Amino acid sequence: MVKVVKFGGSSLASAEQFKKVGNIIRSDDSRKYVIPSAPGKRFDEDTKVTDMLYKCYAEAEAGKSFDRHLKAIEERYNEIIKGLGLKLSLKEQFETIKKNFQAKAGSDYAASRGEYLNGIIMAKYLDYEFIDAATVICFDKNGEFNGEKTNEVMAHRLEGTKNAVVPGFYGALPNGQIKTFSRGGSDVTGSIVARALKADVYENWTDVSGFLAADPRIVDNPKPITIITYKELRELSYMGASVLHESAIFPVRKEGIPINIKNTNAPDDKGTMIVETTCNKPDCIITGIAGKKGFVSISIDKDMMNSEIGFGRKVLQVFEDNGISFEHMPSGIDTMTVFVHQDEFVENEQKVLAQLHRAVHPDTIELEADLALIAVVGRGMKNNSGIAGNIFSALAKQKINIKMIDQGSSELNIIIGVRNRYFEDAIKTIYNVFVPENNAVKK
Ligand code: ADP
Ligand code: ASP
Ligand code: MG
């Protein structure tokens, strides 16, 4: 049995946390491949090492002195090394980093050092082989991740290794230049390593006991999800449930490897299993709720729009030409509404409106800003009638006006649009409708 284990920043923020991680790994022989993140926050107001590195590099790039910043980072690592009682010095690595910062090696290089250095410490602590991610995670010359090449190189490199530490979050272009994934990208590295090894399971260790049915910052004590499918998870993580990077399921999905989200601070909790498909009946009709604020709706009205061939394409072309991606597009006979990210839209507002007028000659265009979208997701919704109705009446009781409702054809999710200011209340209300025991799906 082979398990690939990824530990997030909060699991590696201090020597004390490292020791918990060490115990977890040593308690199970199959935990042979380890992906560490950079040290995260030790307490609420603390700063993640990745953020310290970005800041430090920004000073270097501006030609300012960055010694003080780099020293503070070095101290974070030295505190961990000392706390673990290791015979290890990162002096040489910090000298190289300093030189490369002076030579303006790029902010990706800078950020990646967080994982790189933590990987060196982890390998020493566990007595595992250290493999620099720059040698096994491949990006192409345009900076796009090259999944197939990486899989080949990674599988080849890991062949014959007994155990190894591969730092998360970064890789390299063909010319050796360091490139990172987007924030939270160590989750992706773990998934890539699991795929290359055809591992039995990818364990993703964090600071919560699995995926919760709603954001714990909005709903008190949300129910943990025991089992969730890749598809459901994708919907939830795309819509803001930030436990796992939204791209992390793609590599493991190719090999049908389950992901198990686990809690470093409560290792005996079962956590959440993320699987391709399952006969397991969900406890509730819905699996989870997530959402994002900050959308604008653009409603375009024109009589007989429905019979005008190419109308939708022309509208979407305008958004494409302005580099604005659309999120949802509910439509009626004479009306079409496009939901876009407010921050992408506002800069070009008048230009987009003028171009829409020219492209499709609408009767009217109406805008509504400061909207939030909420996704209610669940494989249990299929063949269950009245779900949208229940959402409507619960929100109406709370006097929350629904701006839009859109059910995906897969019956896996319902998207609801409300004003930003009702976002939290709407999530709480929907959660309370579906999660109490008396609403559970009959087993
Ligand atoms: P790590 O540093 O281990 O990668 P992250 O901070 O990226 O951890 O992700 C874990 C955090 O995600 C939790 O501490 C929690 O605050 C947040 N979170 C947001 N939505 C959810 C959800 N639906 N279920 C669980 N955690 C959530
Ligand atoms: N350390 C990186 C970040 O803070 C990557 C990660 O944590 O996954 O985004
Ligand atoms: Mg994360």
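It should be noted that the structure appears before, not after, this text.
Calculation rules
- Numbering of residues begins from 1 in every chain and follows the order in which that chain's sequence is written.
- Labels follow written order: the first chain is A, the first ligand is 1, and so on.
- Thresholds applied to this predicted model are a pLDDT of at least 70 for local features of residues and 80 or more for the giving and counting of side-chain atom pairs; totals over whole chains, interfaces and linings are not thresholded and use all residues.
- Hydrogens and water are ignored here; the side-chain numbers use all heavy atoms of the structure.
- Only heavy atoms are used to decide nearness, and a residue is near a molecule or strand if one of them lies within 4 Å of it.
- Polar contact criterion, stated in full: a pair of N or O atoms within 3.5 Å, where within protein one must be able to donate a hydrogen and the other to accept it, and residues adjacent in sequence count only if both atoms are side-chain atoms.
- Only the protein chains shown count as covering a residue, and every accessible area follows the Shrake-Rupley method with a 1.4 Å probe.
- Buriedness for pockets is judged along seven lines, at least five of which must meet protein on both sides within 12 Å for an open set on the 1 Å grid over protein atoms alone, while cavities are sets there where a 1.4 Å probe fits but cannot get out, and lining residues have an atom within 4 Å of a point.
- Assignment to a cavity or pocket requires that more than half of a molecule's atoms be within 2 Å of the site's grid points.
- Classification used: nonpolar for Ala, Val, Leu, Ile, Met, Phe, Trp, Tyr, Cys and Pro, charged for Asp, Glu, Lys and Arg, polar for all others including Gly.
- At least two DSSP bridges between two strands are needed for those strands to be called paired.
- The helix count covers DSSP runs of H or I at least four residues long, the strand count covers runs of E at least two residues long, and both are numbered beginning at the N terminus.
- By the convention used here, residues are in contact when the closest approach between their heavy atoms is within 4.5 Å.
- Angles here are taken between N-to-C directions and fall from 0 to 180 degrees, while the axes themselves are lines fitted to C-alpha atoms, restricted in helices to the stretch in contact.
- Salt bridge criterion: a side-chain nitrogen from Lys or Arg within 4 Å of a carboxyl oxygen from Asp or Glu.
- Using a 1.4 Å probe on the protein chains alone, a residue whose accessible area is under 20% of its type maximum counts as buried, one over 50% counts as exposed, and one in between counts as partly exposed.
- Grid points are joined across faces, edges and corners, and a volume is the space filled by probe spheres set on the points.
- In summary, the pairing rule links any two rings of Phe, Tyr or Trp, Trp by its six-membered ring, whose centres are within 6.5 Å, and it sorts them by plane angle into stacked for under 30 degrees, edge-to-face for over 60 and tilted for everything else.
- Given a helix with a known number of residues, its expected span is that number minus one, times 1.5 Å.
- Directions are taken from the helix axis to each C-beta atom, and the arc is the one they span.

In the neighbourhood of ligand 1, 18 residues make up the surrounding shell, with Gly8, Gly9, Thr206, Asp207 and Leu212 lying closest. At 2.8 Å, a side-chain N or O of Asp207 approaches an oxygen atom of ligand 1. Leu212 places a main-chain nitrogen or oxygen 2.9 Å from a nitrogen atom of ligand 1. In isolation ligand 1 exposes 570 Å². Once the protein is present, 82% of that is buried. Of all the cavities here, the one that holds ligand 1 is the largest pocket. Taken together, the residues of the shell around ligand 1 sort by class into eight nonpolar, six polar and four charged.

Glancing now at the site of ligand 2. In the region of ligand 2, the neighbouring residues are Ser37, Lys48, Thr50, Glu115, Phe169, Arg183, Gly184, Gly185 and Ser186. Thr50 places a polar side-chain atom, nitrogen or oxygen, 2.8 Å from a nitrogen atom of ligand 2. In this structure, Arg183 approaches ligand 2 through a side-chain N or O atom, which is 2.7 Å from an oxygen atom. Look at ligand 2: alone it shows 270 Å² of surface, and the protein chains cover 94% of it. Residues belonging to the shell around ligand 2 are distributed by class as follows: one nonpolar, five polar and three charged.

Let's shift gears to the sheet that holds strand β2 (residues 31–36). Neighbouring strands of a sheet are bound in pairs by backbone hydrogen bonds; such pairs are parallel or else antiparallel. Taken together, eight strands build an open sheet; the order of strands is β3-β4-β2-β1-β7-β9-β10-β8 and the sheet is mixed. One side of each edge strand has no neighbouring strand; the edge strands of this open sheet are β3 (129–130) and β8 (227–229). The pairing of strand β7 (residues 201–206) with strand β9 (residues 259–263) spans five bridges and is parallel. Its bridge partner lying in β9, Tyr202 is registered against Ile259. Most of the contacts of helix α8 (residues 230–238) go to β8, to which it runs at about 85 degrees, and overall it touches β8 and β10 (272–275).

Applying the stated rule across the entire model yields 21 salt bridges. For the salt bridge of Asp187 with Lys6, the shortest nitrogen-to-oxygen distance reads 2.7 Å. Residue Asp187 is found in helix α7 (residues 186–197), and its partner Lys6 is found in strand β1 (residues 3–7); the two are separated by 181 residues along the sequence. A salt bridge links Arg31 to Glu203; the shortest N-O distance between them is 2.7 Å. Here the residue Arg31 occupies a position in strand β2, and Glu203 occupies one in strand β7, the gap between them amounting to 172 residues. Relative accessible area serves as the criterion here: at 9%, Arg31 is assigned to the buried category. Here the residues in one salt-bridge network are Lys3, Asp28, Arg31 and Glu203, joined through shared partners.

This part covers the layout of surface pockets. Empty space within the largest pocket amounts to approximately 1,300 Å³. In terms of lining, the largest pocket is formed by 48 residues, of which the most central are Lys48, Thr206, Asp207, Ser242 and Val243. Of all the secondary-structure elements, those providing two or more residues to the lining of the largest pocket are α7, β7, α8, β11 (288–301) and α14 (423–434). Top contributing element to the lining of the largest pocket by residue count: β11, with three residues. Empty space within the second largest pocket amounts to approximately 260 Å³.

What follows deals with the packing of aromatic side chains. Applying the stated criterion to the full structure yields ten aromatic pairs. Plain terms: the ring middles of Phe101 and Tyr109 are 6.3 Å apart, the flat faces sit at 75 degrees to each other, and that makes the pair edge-to-face. A residue is classified by how much of its surface remains accessible, and Phe101, at 0% relative accessible area, is buried. For Tyr109, a relative accessible area of 9% puts it in the buried group. Relative to Phe181, the ring of Phe145 lies with its centre 5.4 Å away and its plane at 70 degrees, an arrangement referred to as edge-to-face. Highlighted residues: Phe145 in the loop between β3 and α6 (147–158) and Phe181 in the loop between β6 (178–180) and α7, separated in sequence by 36 residues.

The subject of this paragraph is α6. For α6, with twelve residues, the first-to-last C-alpha span of 16 Å sits near the 16 Å given by 1.5 Å per residue. Taken together, the buried positions of α6 are Thr150, Asn151, Met154 and Leu158. Mapping the buried residues of α6 onto a view down its axis gives an arc of 100 degrees, with all of them on the same face. Exposed residues on α6 whose side chains face more than 90 degrees from its buried face are Glu152 and His156. Residues of α6 that are buried in the fold lie against β2 and α7. Positioned one or two residues after α6, Gly160 has a phi angle of 85 degrees, which is positive.

The next subject is helix α13 (residues 387–397). Along α13, the residues classified as buried are Ile387, Ile391, Ala394 and Leu395. Seen along its axis, α13 keeps its buried residues to an arc of 95 degrees; they face one direction. The inward-facing, buried residues of α13 contact β14 (364–377), β16 (413–419) and α14. Backbone geometry just downstream of α13 places Lys399 in the positive-phi region, at approximately 60 degrees.

The six strands lie next to each other as β12-β13-β11-β14-β16-β15, forming an open sheet whose pairing is antiparallel. Pairing within the sheet leaves two strands with one partner each, and these edge strands are β12 (326–328) and β15 (404–407). Going from strand to strand, the sheet's axes swing by 40 degrees on average, the running direction of each strand aside. As paired strands, β15 and β16 are joined by four bridges and run antiparallel to one another. If you follow Asp406 over to β16, its bridge partner there is Ile415. Most of the contacts of helix α12 (residues 349–360) go to β14, to which it runs at about 105 degrees, and overall it touches β11 and β14. Taken strand by strand, α13 contacts β14, β15 and β16, and its axis lies near 20 degrees from that of β16.

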